[in-house]
Amino acid sequence: MWLMKKPLASLRVLLPDRLGSLLARCCSSANISAFMPEAAAFAGVRDYPALRQFSLQQTERFWGALARDRLSWISPFDTVSDCDLSRGKIRWFEGGQLNVSVNCIDRHVHTSPDKVALIWERDEPGAEVRVTYRQLLELTCRMANTLKRQGVRKGDRVIIYMPTSPVAVASMLACARIGAVHTVVFAGFSAEALAGRIQDAQSETVITTNQAVRGGKIIELKQTVDQAVKMCPSVKRVLVAKRTENEVPMSNIDIPLEEEMKKEETMCDPVAMESEDMLFLLYTSGSTGKPKGIVHTQAGYLLYTSVTHRYVFDYHDGDVFGCVADIGWITGHSYAVYGPLCNGGTTVLFESTPVYPNPGRYWEMVERTKINQFYGAPTAIRLLLKYGDEWVKSHDRSSLKVLGSVGEPINPEAWDWYYRVVGDSRCPVVDTWWQTETGGICIAPHPAERDAEIVPAMAMRPFFGIDPVLMDEQGRRLTGNSISGSLCIAQPWPGMARTLYNDHNRFVETYFKPYPNHFFTGDGAYRSAKGYYQITGRLDDVINISGHRLGTAEIEGAVNQHLVVAESAAIGCAHEIKGEASYVFIVLKDGVDMSEQVIREELRDVVSQKIAKYAAPDFIQIVKRLPKTRSGKIMRRVLRKVVECKLDELGDLTTLDDHTAVQEIVAGHKEMLENTAKGKAGF
């Protein structure tokens, strides 16, 4: 293996002089310097508030010290940062060279080759697979050599459309090893959504599986890829791994992955990558119809994920970290793969669902695999809460030390159940706020001193180097506490996105133009009397469905393709389990001769096919006309207030073109609520 072939003396360049317990008890000690005597850069800093101020006021010393001590460098960096937010210019650790796969695998193979890196929790109950760091390195190198033999080179974009598994993780790390750019697409997306991402990334290579297994059901993944590839002439090769023993049709561009990997060596020299070379693309929905290709680069992203993983969750060597997010989302990237592996941890890959074969699946897994930190979504917590406490209490959860929440703000009822029942009132609940664009957690209750206050259902404290500010509608910074505003971040941090793929102007327009020299998150927030932050929701036309952001324009674009639809307007509405659901108003074309129930069913099918099943509207209201201004703009704020039954908060309607439209929509909404309560089909 590559590191093993080097003389031991040369390892001093590649392996960091570990600070060992650098910030190691930041969540449980008030004396910072007591446990980081080697960290001269932080000497004299004695508590969390002081260390956070240090990270903001002496940013280069703070991140520079961490980068030198926590990452293995092939060549050291010359500058810590070179950023200009007005132009969307974000550069960290330039001049430095490293390889992400070496940081995530090789250096741990050198010290602990037989330590478990991955615990693959397969869909089949109790069917876990453990992969050591040595085995993960061999798997990654075989995959990397296979990609190279198939013509994949540095800078090429590789689409990964796979269920969560060790092979999927090895595919990501193999791309990093040879300098290719991976683009993981959630394996629940439709063929059309997959094709759009392949086309935008200009990818020649797709890695997939013959089928997927989820909740005991077979999903025809290869079939979806086949449909997508028909729309993508750029694709030259499809590497097909076997998740099941079932045969699937193979074309002349399809390559049996396992057969090819068997031919390859278990050693593959890693490519030296510049700190700001692209690591991966990840597509996320915005307020316009076209998904955005978020670009993350090498060193800054890896450093930030490893540091946040370590200190937000108080992760220690020997712990088992259980992030149950799919690798198709940024949470899976940062906290199922890169953060834990960079820290030499044991990370759980969860393939199944929280209720298969029963609602005790998570907690049986916790008992069997001895998970110490559990990181899940409020959607799942709310779902499991409905099944009662016994499914939880019937399993030993004494291994748990920290409970995490991700994807959306967790509501107080779910937080209380999570803390009291799942954690036996002894595990802190860290309600984390971050985004695909931020790369890692930005606001969370930890790090903090021992016995620091945690307020239920509140993200609370900014992480090191994160400087959140609230802005008013005129772009002025709001000072003081007990106020609400647009959440922005005032200075750059290593993990933030660098650009949008092939569209830097859109990157600047979206994130830096609304509030000059600030990163605009698109979220609103409340700063409490004690200075803690609580996220209040999206400010743009984005719906957060089960923790997955989806642009209303995407939904409308899919709905409007149906032959009977003249126009539509989609908004988000509260949902007991999902947090938010999509509520779509549609205007039909003249002369439509179809029942409303059939129209609703077909529209849900259209959205499922064009985007994904989770995106299908929960509510579809057929209306005669939409509320518009005289200039023709749809007044979505009015639609939101109608759905929220807040008719006394409709606000200024002086620009409304036709007031009867609102009256008709209110009456129709009332009828929908009544029919839904009666259990009538089609609503």
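Keep in mind that this is a model prediction, so the values were computed, not measured.

> Can you walk me through the sheet that holds strand β29 (residues 565-575) in this structure?
Each strand in a sheet pairs with another by means of backbone hydrogen bonds, the pair being arranged parallel or else antiparallel. Taken together, the 3 strands give an open sheet; going across it, the order is β29-β30-β31, and neighbouring strands pair in mixed fashion. What marks the edges here is a single partner per strand, and that holds for β29 and β31 (619-623). Shown here is a sheet whose adjacent strand axes are inclined to one another by a mean of 25°, direction ignored. As paired elements, strand β30 (residues 579-588) and β31 share 5 bridges and run parallel to each other.

> Looking at this structure, I do not really get the environment of Leu-71. What am I missing?
Tracing the sequence through the fold places Leu-71 in the loop between α4 (59-70) and β1 (97-98). In the structure, Leu-71 is positioned 171 residues away from Lys-242 in sequence and 34 Å away in space, judged by C-alpha atoms.

> Mind showing me how you'd approach the nonpolar core here?
Soluble globular proteins: nonpolar side chains tend toward being buried together. Of all hydrophobic cores here, the largest spans 107 residues; its most connected members are Phe-93, Tyr-338 and Leu-341. Dropping the residues within four chain positions of it, Leu-341 is found in contact with Asn-103, Cys-104, His-108, Ala-117, Leu-118, Tyr-133, Leu-136, Val-169, Leu-173 and Thr-347. Among the nonpolar cores identified, the runner-up in size contains 49 residues, and Phe-186, Ala-187, Ile-198 and Val-584 belong to it.

> Looking at this model, I keep getting lost on the sheet that holds strand β14 (residues 320-323). Mind explaining?
Ordered in space as β3-β2-β15-β14-β16-β17-β18, the 7 strands form an open sheet in which the pairing is mixed. The strands lining the two open edges of the sheet, one partner per strand, are β3 (128-132) and β18 (429-431). Strand-to-strand twist across the sheet, computed as the mean angle between neighbouring axes with direction ignored, equals 20°. Pairing of β14 with strand β15 (residues 346-350), which is carried by 3 bridges, proceeds in the parallel orientation. Residue pairing for β15: Gly-322 is matched across the bridge by Val-348. In this fold helix α7 (residues 166-178) packs onto β2 (116-121), β3 and β15, with an angle of close to 135° to the strand it touches most, β2.

> Sorry, what's going on with the pattern of salt bridges here?
Pairing between side chains of opposite charge can happen when their charged atoms approach one another. Considering all chains together, one arrives at 40 salt bridges under this definition. Where Glu-437 meets Lys-292, a salt bridge forms, and the shortest distance between an N and an O atom there is 3.7 Å. Taken as a pair, Glu-437 in the loop between β18 and β19 (443-444) and Lys-292 in strand β13 (residues 292-297) lie far apart in primary sequence, 145 residues in all. Glu-437 gets classed as buried once you look at its relative accessible area, which sits at 1%. Its relative accessible area of 5% is what places Lys-292 among the buried residues. A salt bridge links Glu-576 to Lys-386; the shortest N-O distance between them is 2.6 Å. Separated by 190 residues along the polypeptide, Glu-576 in the loop between β29 and β30 and Lys-386 in the loop between α14 (378-385) and α15 (390-393) bring together distant segments of the chain. Overall, the relative accessible area of 55% leaves Glu-576 in the exposed class.

> Explain the packing of α4 against helix α11 (residues 299-312) here, please?
When two helices pack together, you describe them by how their axes are tilted relative to each other and by the distance separating the axes. Closest axis-to-axis distance for the α4/α11 pair is 11 Å, and the angle between their directions is 90°. Of the possible angle classes, the one that applies to α4 and α11 is roughly perpendicular. Counted together, Trp-63, Leu-66, Ala-67 and Arg-70 of α4 and Leu-303, Tyr-304, Ser-306, Val-307, Arg-310 and Tyr-311 of α11 form the full contact between these two elements. When the residues that make up the contact of α4 with α11 are grouped by side-chain class, the tally is 7 nonpolar, 1 polar and 2 charged.

> Which parts of the structure should I look at to understand the pairing of strand β5 (residues 181-184)?
On a regular strand, each side chain points to the face opposite its neighbour's, so the side chains alternate between the two faces of the sheet. What you see with β5 is no split at all: Val-181 and Thr-183 on one side and His-182 and Val-184 on the other are buried throughout. Taken together, the 4 bridges between strand β4 (residues 157-161) and β5 define a ladder with parallel strand orientation. Residue pairing across strands places Arg-157 opposite Val-181, the latter belonging to β5. Each parallel crossover has a hand, and the one from β4 via α7 to β5 is right-handed.

> For this particular structure, what's the right way to read the environment of Met-267?
Positionally, Met-267 belongs in the loop between α10 (257-262) and β11 (273-274). Looking at Met-267, the relative accessible area reads 33%, which means it is partly exposed. Taking the C-alpha atoms as reference points, Met-267 and Thr-140, separated by 127 residues in sequence, lie 8.9 Å from one another.

> Looking at this structure, I do not really get the packing of aromatic side chains. What am I missing?
Here a ring pair, both rings aromatic, is described through the centre-centre distance and the interplanar angle of the planes. Scanning the model with the defined rule gives 39 aromatic pairs in all. Look at Trp-63 and Tyr-304: their rings are 5.9 Å apart centre to centre, the planes differ by 50°, and that puts the pair in the tilted class. One end of the pair, Trp-63, is in helix α4; the other, Tyr-304, is in helix α11, with 241 residues separating them in the sequence. Grouping residues by exposure puts Trp-63 and Tyr-304 together as buried. Among the aromatic residues, those joined into a ring-pair cluster are Tyr-48, Phe-62, Trp-63, Tyr-304, Phe-463 and Phe-464. Note that Arg-122 overlies the ring of Trp-120, its terminal NZ or CZ placed 4.9 Å from the centroid. Sitting over the face of the ring of Phe-189, Arg-197 holds its NZ or CZ atom 4.3 Å from the ring centroid.

> I would appreciate a short explanation of α4 in the present structure.
Between its first and last C-alpha, α4 extends 16 Å over 12 residues, near the 16 Å set by a 1.5 Å rise per residue. Most of α4 sits inside the fold, with 9 of its 12 residues counted as buried. Buried residues of α4: Thr-59, Phe-62, Trp-63, Gly-64, Ala-65, Leu-66, Ala-67, Asp-69 and Arg-70, and no others. Considering only its buried residues, α4 is in contact with α3 (48-57), α5 (100-111) and α11.

> Sorry, what's going on with the side chain of Ser-275 here?
Topologically, Ser-275 is positioned in the loop between β11 and β12 (278-284). By relative accessible area, which is 1% here, Ser-275 ends up buried. If near-sequence neighbours (up to four positions away) are discounted, Ser-275 is found in contact with Trp-73, Trp-92, Phe-93, Gly-96, Leu-98, Thr-297, Gln-298 and Ala-299.

Cut-off values and rules
- Residues numbered from 1 in each chain as written.
- Predicted model: local features only at pLDDT ≥ 70, side-chain atom pairs only at ≥ 80, totals over all residues.
- Heavy atoms only, no water.
- Pairing = 2+ DSSP bridges.
- Helix = DSSP H or I, 4+ residues; strand = E, 2+ residues; numbered from the N terminus.
- Axes fitted to C-alpha atoms, helices over the stretch in contact; angles between N-to-C directions.
- Core = buried A, V, L, I, M, F, W, Y, C linked by side-chain atoms within 4.5 Å.
- Buried < 20%, exposed > 50% of the residue type's maximum accessible area, 1.4 Å probe, protein only.
- Contact = heavy atoms within 4.5 Å.
- Salt bridge = Lys/Arg side-chain N within 4 Å of Asp/Glu carboxyl O.
- Parallel < 35°, antiparallel > 145°, perpendicular 65-115°, else oblique.
- Nonpolar A, V, L, I, M, F, W, Y, C, P; charged D, E, K, R; others polar.
- Right-handed = clockwise from strand over helix to strand, strands pointing away.
- Phe/Tyr/Trp six-rings, centres within 6.5 Å; stacked < 30°, edge-to-face > 60°.
- Lys NZ or Arg CZ within 6 Å of the ring centre and 35° of its normal.
- Expected span 1.5 Å × (residues − 1).

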